[in-house]
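# Chain and residue survey
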Amino acid sequence: MVATVVLGLLAVRGGPGKGKKGAGGGGLAEWSVGGRSLGTVFIWVLMAGEGYTSFSYLGAAGWGYNYGAPVMYVVAYMTCGYALGYVVGPMLWDYARRHGLVGITDMVAHRYRRPWLGAAVAVLATVFLLPYIQLQITGMGVVVSTVTYGAVSLEWAYFVAFAVTTGFVVVSGLRGSAWVSVLKDVLVIGTLGFLAVYVPVHYFGGYGELFDRLVEQRPQWLTLPGHGSRGADAQGAGGRGNLGTAWFASTTVLNALTVVIFPTTVAGYLGARDADALRRNAILLPAYNVLLFVPMLLGMAALFVVPGLAGADSNLALFRLVVDLLPAWAVGLIGVAAALSSIVPMAVFMLVIGTMWGRSVLSLAPRWSSGERQKLASQVVVVAVGSVALVMTYIAPNTLVRLSLVSYEGMAQLVPMLLLGLVWRRLTTAGALSGLLVGVGVVCALVFTGNDPAWGVNAGMVALAANLAVALAVTWLGPRETGDGRPDEQVLARDPLPGCGDDDGCGDGCWCGDGETPGAVRRVVSGPG
């Protein structure tokens, strides 16, 4: 933990410095998106760090232990999301770079020319992201308490998680998270690689014997809908129902769409040095998903070694396999890897919430509208948000956890407003906002009444379909927005293809389209003239 804080704090010295062209100096852009200067390696470890949370060590093993095959949706949606990010990431990066934006709330406010809409999205996104901060605090607390054999209490572990993360985020911002991600990735790859070999060999004599026992004694864990008919989407879609093929497919599609516009993912996009770094990153990231098979498999292996785990104890399936088996120093290394898998994503969650509020909410007041004051406001919000999550962990641990049931599916409802709005000029503010309200309402109604999955389909996908239908209907049937006066290249996103210059106009042959019909935007690479 000391090394983590030191590494995170030293990261600020690796910045481009004030006054460097395009770096954002020491202002909000440098703090929140690393001065848009991170290369392929840092972007890779940062975005991989967001995918490897405490869920990787706790939830993935717990799902493997409880349900089996349905847990594979995590690998499916992340890989599909990376493929989609190959296209979406460069578009969002270019849009933010051209207009000096630092997050999704900025993009919404700029696209629709409604600062209040960006502020509303910031508030909504905070409601959906705050539970994830508490979940990471809780996850780290459980890990630290377990791997220290109870010597460190949950209460102290919670505070350590908050203090360590807040310390380097406030000082170093996104760059600090990227540097800490390097340490985390080394430990994650090392520990999961070791466990992938050691546990099956030690307990079963090899993978062949483990798979034979699974096939003979636990076959229902190997096919959809998995073991039993009750399930909860570990990324936020709670409820009970059949986790069959319709749920698996709909969850994969929904989460793949959501992950590319998730505020933490977009923070990674915007920190890139250029669009090609994002494309290379999208190609490399799916290989990292191979590691996710390890906790899933070990969770199923724990069925034979530590049977009878129920409720929250099932999330400790992986650690129950190793805590009493390995020497204390090895358990400590595994625990640090798992703890850092909580700290890194928690840092990015806190960072994006602070940025959203500093840039889109508090900046509406003239006093906080300047660049340096926006950065200061964002840093204050980081401390405040972390403190709220920590206090809620102590006094009302189930409140935010219950809210997390709709977090991921709720964030999915921003897809039409952001992605459709950035490629289709005709989408109106009324249409986008109406769709968002309907989508969030449907999600809450289905999830909190225990109807997720709904008709075998992820409730978030049902809500997204309603969201899109309403947005299109209001747009087509309602009045057209007039008085904008901006050309398409100032409103819509484009793919910064190789060979395109920085000219914002259509004269370079890289961007043109009517901006009125979905899919009508054409991208053409041509020579000068």
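Residues numbered from 1 in each chain as written. Predicted model: local features only at pLDDT ≥ 70, side-chain atom pairs only at ≥ 80, totals over all residues. Heavy atoms only, no water.

## Describing the side chain of Arg494
Short version of the rule: Strands are runs of DSSP state E lasting at least 2 residues, helices are runs of H or I lasting at least 4, and numbering of each runs from the N terminus. Type-normalised accessible area, obtained with a 1.4 Å probe on protein chains alone, sets the label of each residue: buried when under 20%, exposed when over 50%, and partly exposed for intermediate values.
For Arg494, the location among the structural elements is in the segment after helix H23 (488–491). The buried category is assigned to Arg494, whose relative accessible area is 3%.

## Some points on the nonpolar core
Applicable threshold: We define the nonpolar core as a collection of buried residues of types Ala, Val, Leu, Ile, Met, Phe, Trp, Tyr and Cys that are connected through side-chain atoms lying within 4.5 Å of one another. Residues are treated as being in contact if the distance between any of their heavy atoms lies within 4.5 Å.
Core analysis: the biggest nonpolar cluster contains 151 residues, and Met107, Ile133, Phe319 and Met417 have the highest contact counts within it. No other element matches helix H16 (residues 328–361), which puts 19 residues into this core. Excluding anything up to four places from it in sequence, Phe319 contacts Tyr57, Leu58, Val143, Thr146, Val147, Ile334 and Ala338.

## Describing the confidence of the model for the chain
How we decide: Across the chain, each position has a pLDDT score giving the predictor's confidence in that residue, from 0 to 100.
Scored by pLDDT, the chain has a mean of 82; 82% of the residues are at 70 or more. Confidence over residues 511–529 falls short of pLDDT 50; this stretch has 39 contacts with residues more than four positions distant or in other chains.

## Side note on the pattern of salt bridges
Put simply, the test is: Salt bridges are counted wherever a side-chain nitrogen of Lys or Arg sits within 4 Å of a carboxyl oxygen of Asp or Glu.
On inspection of all chains with the given rule, the structure shows eight salt bridges. Note that Arg97 is salt-bridged to Asp94, the shortest N-O span being 2.9 Å. Note that Arg97 and Asp94 are positioned in helix H6 (residues 73–99) at a spacing of three residues, about one turn of the helix. Judged by its relative accessible area of 30%, Arg97 falls in the partly exposed class. Arg359 is the salt-bridge partner of Asp106, the closest N and O atoms lying 3.2 Å from each other. Of this pair, Asp106 sits in helix H7 (residues 104–112) while Arg359 is found in helix H16, placing the two residues 253 residues apart along the sequence. Given the relative accessible area of 7%, Asp106 is considered buried. Under the relative-accessibility criterion, Arg359 is labelled partly exposed at 23%.

## What about unusual backbone geometry?
Of all residues except glycine, most have a negative phi; of all peptide bonds, most are trans. Residue Leu224 is joined to Pro225 through a cis peptide bond whose omega torsion reads 10°. Locating Pro225 in the fold gives a position in the loop between helix H10 (207–217) and helix H11 (245–259). In this structure, Pro453 follows Asp452 across a cis peptide bond, with omega equal to 0°. Counting through the fold element by element, Pro453 comes out in the loop between helix H21 (429–448) and helix H22 (459–477). With a phi angle near 55°, Tyr149 is a residue other than glycine that sits in the positive phi range. With respect to the helices and strands, the residue Tyr149 is situated in the loop between helix H8 (115–147) and helix H9 (154–204).

## What about H21?
What counts here: Here the expected length of a helix is defined as 1.5 Å per residue gap, with one fewer gap than residues. Note that the arc is defined by the directions from the helix axis to the C-beta atoms.
Between its first and last C-alpha atoms H21 spans 28 Å; for 20 residues at 1.5 Å apiece the expected length is 28 Å, and the two agree. All of the buried residues in H21 are Thr429, Gly431, Ala432, Gly435, Leu436, Gly439, Val440, Val443, Leu446 and Val447. All buried residues of H21 fall inside an arc of 165° around its axis, so they share one side. At its buried positions, H21 is contacted by H7, H8, helix H19 (407–412), helix H20 (415–423) and H22. Gly450 lies just past H21 and shows a positive phi near 75°.

## Some thoughts on the side chain of Arg425
Applicable threshold: Polar contacts, as counted here, are pairs of nitrogen or oxygen atoms within 3.5 Å of one another; within protein the pair requires one atom able to donate a hydrogen and one able to accept it, and residues that are adjacent in sequence qualify only if both atoms are side-chain atoms.
Assignment of secondary structure puts Arg425 in the loop between H20 and H21. Polar side-chain contacts of Arg425 include one of 2.8 Å to the backbone oxygen of Arg486.

## As for the packing of H9 against helix H14 (residues 293–305)
Let me state the cut-off plainly: Axes, fitted as lines to C-alpha atoms, cover a helix only where it is in contact. Angles between the N-to-C directions of the axes lie from 0 to 180 degrees. When an angle is under 35 degrees it counts as roughly parallel; over 145 it counts as roughly antiparallel; between 65 and 115 it counts as roughly perpendicular; any other value is oblique. In this scheme, a crossing is called left-handed if the near helix is turned counterclockwise away from the far one by less than a right angle; it is called right-handed if the turn is clockwise. When residues are sorted by character, Ala, Val, Leu, Ile, Met, Phe, Trp, Tyr, Cys and Pro go into the nonpolar class, Asp, Glu, Lys and Arg into the charged class, and all the rest, Gly among them, into the polar class.
Contact pair H9 / H14: the axes reach a minimum separation of 10 Å and the direction vectors enclose 25°. It follows from the interaxial angle that H9 and H14 lie roughly parallel. As H9 packs across H14, the resulting crossing turns out to be left-handed. On H14, the residues touching Leu192, Leu195, Ala196, Val199, Pro200, Tyr203 and Phe204 of H9 are Val294, Pro295, Leu298, Ala301, Phe304 and Val305. Partitioned by chemical class, the residues of the contact of H9 with H14 number 13 nonpolar, no polar and no charged.

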